[in-house]
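# Inside the fold
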Amino acid sequence: MELRQLEHFVAVAEEQHFTRAAERLAVSQSGLSASVRALEHELRTPLFSRTTRTVRLTEAGAALLVEAERTLAGARAARDAVDAVRGLLRGTLTLGVEQCVAGVSTARLLAAFHREHPHMEIRLRQEGTSSLLEGVAGGRLDLAFAATVHPPEWRGELVPLAREPMVLLCAPGHRLAREGAREGARVAWGELRGESFIDFHPDWGPRRAADGAFASAGARRTVALEVSDVHSLLELVHEGLGIAVVPQHFARKPEAKGLVAVELDGAHVYESVVVLPPAQAMSPGAKALMTLVREAPLR
């Protein structure tokens, strides 16, 4: 079993498609297929269930994926450690990030990192909180910026980035916009009863924070429209198709101009953190990025 075979296997598992995996790895599809078949032959079991349209992991393939990611991460860490001793930062930094995470400018941060370490390849993955945790734990990601999480038995570190209140966003003509316009006014959770809500998919940090706030307040709601990006959410609120409970910094986005941000009763907050593996498992690239994260101009 070779590292190259494991790289091919992981790429197919992530893309769920041989052609896309071959394009990503810049190899021929026939060579990729032959590599995976050789791995299956060596392990004496199919790793993928193939049809004309889909490629899915078998039970054996799912078990191998966890170990393959860990093995590849270990190999990368070994190469990176040797380069670090030589005074060089080479290899790949793979960063996971929640959408519109508070407390850090991802673009400015990565630009600064690239200027300081031009030989490092940067890979960025935008995912939900659960996927980011799994990625860091399994070695698929070097670190991640996510909403606050309190996973049981997390062996790594959670470094705080930002903490801010959740607010209600609505169109100017909405009844709650008029209510919130009064000086010092706060809207009670009970006043949201019967409203139609716009929110993200359940794994995204802002949705998890909103769900937690409603649960703490003992209030129920209906999420009628689920989206996967903040611009769609703001556009739908603009059109009066619903209201949204979001982190306060969403209200400062240019696309939110014209919407009304209303304060809510209670100290319901949205927090963001850097998710790190155990110190001994941190790659040199992750350590270098964290040095920049702690610099105020990039926060």
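Before going into details, it helps to say that this report is about the structure given with it. (Residues numbered from 1 in each chain as written. Predicted model: local features only at pLDDT ≥ 70, side-chain atom pairs only at ≥ 80, totals over all residues. Heavy atoms only, no water.)

### Remarks on the nonpolar core
Ranked by internal contacts, the top residues of the largest apolar core, which has 44 residues, are L143, F145, L192, V274 and L289. Those elements that provide at least two residues to this core are strand 3 (91-97), helix 5 (106-116), strand 5 (143-147), strand 6 (157-170), helix 7 (175-180), helix 8 (205-217), strand 11 (269-276) and helix 10 (284-293). With six residues, the top contributor of residues to this core is helix 10. Counting 19 residues, the second largest nonpolar core, distinct from the first, contains F9, A21, L65 and A68. (Core = buried A, V, L, I, M, F, W, Y, C linked by side-chain atoms within 4.5 Å. Buried < 20%, exposed > 50% of the residue type's maximum accessible area, 1.4 Å probe, protein only. Helix = DSSP H or I, 4+ residues; strand = E, 2+ residues; numbered from the N terminus.)

### Some details on helix 9 (residues 230-238)
Three- or four-residue spacings in an α-helix give side chains the same orientation, since the helix completes a turn every 3.6 residues. The complete set of buried residues in helix 9 reads V230, L233, L234 and V237. The arc that holds the buried residues of helix 9, viewed along the axis, is 95°, so those residues lie on one side. Contacts from the buried residues of helix 9 go to strand 6, strand 7 (196-200), strand 8 (222-227) and strand 9 (244-247). The opening residue of helix 9, the one whose side-chain oxygen lies 3.3 Å from the backbone nitrogen of H231, is D229. (Arc of directions from axis to C-beta. Contact = heavy atoms within 4.5 Å. Polar contact = N/O pair within 3.5 Å; in protein donor to acceptor, adjacent residues only side chain to side chain.)

### Focus on the packing of aromatic side chains
If you walk through the whole model with that rule in mind, you get five aromatic pairs. With a centroid separation of 5.4 Å and an interplanar angle of 45°, the aromatic rings of F9 and F48 are classed as tilted. Linking F9 in helix 1 (residues 3-15) with F48 in strand 1 (residues 48-50), this pair joins segments that are 39 residues apart in sequence. An identical accessibility class is assigned to F9 and F48; each is buried. Seen from their ring centres, F197 and F214 are 5.3 Å apart, and the 85° between their planes marks the pair as edge-to-face. (Phe/Tyr/Trp six-rings, centres within 6.5 Å; stacked < 30°, edge-to-face > 60°.)

### Looking at the environment of S232
Structurally, the position occupied by S232 is in helix 9. Overall, S232 belongs to the partly exposed group, its relative accessible area being 26%. Separated by 33 residues in the primary sequence, S232 and D199 have C-alpha atoms spaced 9.8 Å apart. Within polar-contact distance, the side chain of S232 engages the side chain of D229 at 2.8 Å.

### Remarks on unusual backbone geometry
Excluding glycine, most residues fall at negative phi; most peptide bonds, likewise, are trans. Here the phi dihedral of A26 falls at roughly 60°; this positive angle occurs in a residue that is not glycine. Its place among the elements puts A26 in the loop between helix 2 (18-25) and helix 3 (29-43). We classify A26 as exposed; its relative accessible area is 70%. The phi angle at C100 is positive, at roughly 55°, despite the residue not being glycine. Turning to its location among the elements, C100 is positioned in the loop between strand 3 and helix 5.

### A word on the pattern of salt bridges
One pass over the structure, following the stated rule, counts 17 salt bridges. Notably, a salt bridge pairs E15 with R20, separated by 3.7 Å at the nearest N-O pair. One salt bridge in this structure joins E40 and R50, with 3.2 Å as the shortest N-O distance. With E40 in helix 3 and R50 in strand 1, the pair connects residues that are ten residues apart, well separated along the chain. Under the relative-accessibility criterion, R50 is labelled partly exposed at 39%. (Salt bridge = Lys/Arg side-chain N within 4 Å of Asp/Glu carboxyl O.)

### Examining the state of the cysteines
In this structure the tally under the stated criterion is zero disulfides. Counting only cysteine sulfurs, C170 is the nearest neighbor of C100, a cysteine outside any disulfide, at a range of 19 Å. Relative accessible area serves as the criterion here: at 23%, C100 is assigned to the partly exposed category. Judged by its relative accessible area of 0%, C170 falls in the buried class. (Disulfide = S-S within 2.5 Å.)

### Digging into the pairing of strand 6
Here eight bridges tie strand 6 to strand 11, and the two strands are oriented antiparallel to one another. Bridge pairing in strand 11 places L158 opposite V275. Relative to strand 10 (residues 260-263), strand 6 runs antiparallel, the two being bridged by four bridges. Counted as the bridge partner of C170 is V260 from strand 10. (Pairing = 2+ DSSP bridges.)

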